[in-house]
Amino acid sequence: MSENGGAGSKHLVSSAGSWDPPACWYEPAYTPEGFDSAFQALLQSLSGTTGGADAQKAYDELKADHDFHKGEQGAWWGMVKTKDAWDLPVTTTCTQSPGLRWVPAGNPPAGLLTVTPQMLSKIAYGATKLPSPEVALSPTADRQTVNLPTYVSFSRPLQPVSVTASLDYMGFSIAASTRAVPVSLEVDAGTDDASPRTCTYPFTTSGGGYVVDSSSSSCNVTYMRSSRGGTYPLTGRVKWQVSWTASKNPTATPANPLPDGMTDAAPQNVVVKEIQTVVTH
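Quick summary incoming for the structure in this document. (Residues numbered from 1 in each chain as written. Predicted model: local features only at pLDDT ≥ 70, side-chain atom pairs only at ≥ 80, totals over all residues. Heavy atoms only, no water.)

### So, the overall build of the protein chain
Helices and strands together make up the secondary structure of the protein chain, namely four helices and 19 strands. Here the protein chain, with 281 residues, has 38% of them falling under the buried criterion. For the protein chain, the exposed area adds up to about 15400 Å²; of that, 51% sits on carbon and sulfur atoms. (Helix = DSSP H or I, 4+ residues; strand = E, 2+ residues; numbered from the N terminus. Buried < 20%, exposed > 50% of the residue type's maximum accessible area, 1.4 Å probe, protein only. Areas by Shrake-Rupley, 256 points an atom, 1.4 Å probe, with all protein chains shown as cover.)

Here it is as structure tokens:
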């Protein structure tokens, strides 16, 4: 698994709920030599037990039939179960038959639910960490004034974030990469005493990154009442557009859509004051 996201990043939160993996699937488990060695170790552990004779019979049959397929291109695939599928009582249904199957190099045979790029893309999605946005206010949070707009920008550009999940084992190579790109920032004033209370700004590209600057926008949060000695919790939330490719290259085509991701900025305690007017005669 390879990823980037930067220090202080947080796992991506899907706007469409979490993903539940299948209860079980098949993936490469042993080389022919590795399966032979593992089976011999099993025989030693079962020596003198009631199951030892059955295990020895199974070993002899595999030995006689192609000698575990030694010298051939391929792998022995085994079934993998999620924790829920192993738990009792069973809470997740596994429809695959347990055991090990010989799979020649190339595409897995029909009828096996095997690890796929789409499954890997969702594993990569769950592993994606996105940076917490740093929203800068103008005027600053401690100098807000009633009836004057609050401009927002980023102290530094946001970069796309990518994660690759891959399986490279015994001649089988499967990969999927996710890529998250920031598309919009929503700002919430933290009080209904603002007009408007929320504004949403699209990201634009600048200097190789993605930025927001609301100074020329027609929508900017404007506080209509002072915070009266307290503060308002202004928040920001970034929406990320997420896609995946069936390769180790997150920018390859075609790019398949995944649910949008969301990251929240830390609330800023905004102090809003009335404009003080001095009248002279």
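So much for the structure itself; the text now carries on.
### Points about the packing of aromatic side chains
Overall, the coordinates contain 10 aromatic pairs when judged by the stated rule. Aromatic side chains F39 and Y59 sit 5.5 Å apart centroid to centroid with 70° between the ring planes, which places their arrangement in the edge-to-face category. Taken together, the residues F39 in helix α1 (residues 32-46) and Y59 in helix α2 (residues 52-64) connect sequence positions 20 residues apart. Residue classification places Y59 among the buried residues on the basis of a relative accessible area of 10%. Pairing Y223 with Y232 gives two aromatic rings, centres 5.3 Å apart and planes at 5°, and the pair type is stacked. Judged by relative accessible area, which is 0%, Y223 ranks as buried. Classification of Y232 as buried rests on a relative accessible area of 7%. Here the aromatic cluster, defined as three or more aromatic residues joined through ring pairs, consists of Y30, F35, F39, Y59, F68, W76 and W102. (Phe/Tyr/Trp six-rings, centres within 6.5 Å; stacked < 30°, edge-to-face > 60°.)

### Quick notes on the environment of P157
With respect to the element layout, P157 can be found in the loop between β10 (151-154) and β11 (161-169). It is 7.9 Å that separates the C-alpha atoms of P157 and G207, two residues lying 50 residues apart in sequence. Those residues in contact with P157 that lie beyond four places of it in its chain are S206, G209, Y210 and V211. (Contact = heavy atoms within 4.5 Å.)

### Quick notes on the pattern of salt bridges
Enumeration according to the criterion identifies nine salt bridges in this entry. Among the salt bridges present, the one from D67 reaches K63, with a minimum N-O distance of 3.1 Å. Relative accessible area serves as the criterion here: at 35%, K63 is assigned to the partly exposed category. With its nearest N and O atoms 2.8 Å apart, the salt bridge here joins D192 to R197. Three or more residues are tied together by salt bridges with common partners; here these are D36, K63, D67 and K70. (Salt bridge = Lys/Arg side-chain N within 4 Å of Asp/Glu carboxyl O.)

### Looking at the state of the cysteines
Per the counting criterion, the structure on display carries one disulfide. Here C199 is linked by a disulfide to C219, with a sulfur-sulfur distance of 2.0 Å. Its S-S torsion of about -85° marks the bond between C199 and C219 as left-handed, since a negative value means left-handed. Remark: C219 occurs in the loop between β15 (209-211) and β16 (232-245) and C199 occurs in strand β13 (residues 198-202); sequence separation between them is 20 residues. (Disulfide = S-S within 2.5 Å.)

### Describing the sheet that holds strand β5 (residues 74-81)
One key point about sheets: their strands pair by backbone hydrogen bonds, in either a parallel or an antiparallel sense. With antiparallel pairing, three strands are arranged side by side in an open sheet as β4-β5-β6. Looking at which strands have only one partner, the edges of the open sheet turn out to be β4 (24-30) and β6 (100-104). In this sheet, neighbouring strand axes are inclined to one another by 40° on average, regardless of whether the strands run parallel or antiparallel. (Pairing = 2+ DSSP bridges. Axes fitted to C-alpha atoms, helices over the stretch in contact; angles between N-to-C directions.)

### Let's talk about the nonpolar core
Counting 44 residues, the largest nonpolar core has V152, F154, L185, F203 and Y223 as its most contacted members. Those elements giving two or more residues to this core turn out to be α4 (117-127), β8 (135-138), β10, β11, β12 (172-188), β13 and β16. Residues C24, A75, M79 and L112 belong to the second largest nonpolar core, which totals nine residues. (Core = buried A, V, L, I, M, F, W, Y, C linked by side-chain atoms within 4.5 Å.)

### Here we look at α2
The terminal C-alpha atoms of α2, which comprises 13 residues, lie 18 Å apart, in line with the 18 Å expected from a rise of 1.5 Å per residue. Listed as buried for α2 are G52, A55 and Y59. Across the axial projection of α2, the buried residues extend over an arc of 65°, all falling on one side. When the buried face of α2 is taken as reference, the exposed residues oriented beyond 90 degrees from it are A53, D54, K57 and A64. Looking at the residues trailing α2, positive phi occurs at H66, about 70°. (Expected span 1.5 Å × (residues − 1). Arc of directions from axis to C-beta.)

### Concerning the packing of α1 against α2
Close contact between α1 and α2 brings their axes to 9 Å; oriented N to C, the two are set at 160°. With respect to each other, α1 and α2 are oriented roughly antiparallel. In the packing of α1 onto α2, the handedness of the crossing is left-handed. Across the interface between the two elements, F35, D36, F39, Q40, L43 and L46 from α1 touch G52, A55, Q56, A58, Y59, L62 and K63 from α2. When grouped by side-chain class, the residues that make up the contact of α1 with α2 number eight nonpolar, three polar and two charged. (Parallel < 35°, antiparallel > 145°, perpendicular 65-115°, else oblique. Left-handed = near helix turned anticlockwise from the far one by under 90°. Nonpolar A, V, L, I, M, F, W, Y, C, P; charged D, E, K, R; others polar.)

Spatial relationships are all this shows, so hold off on functional conclusions.
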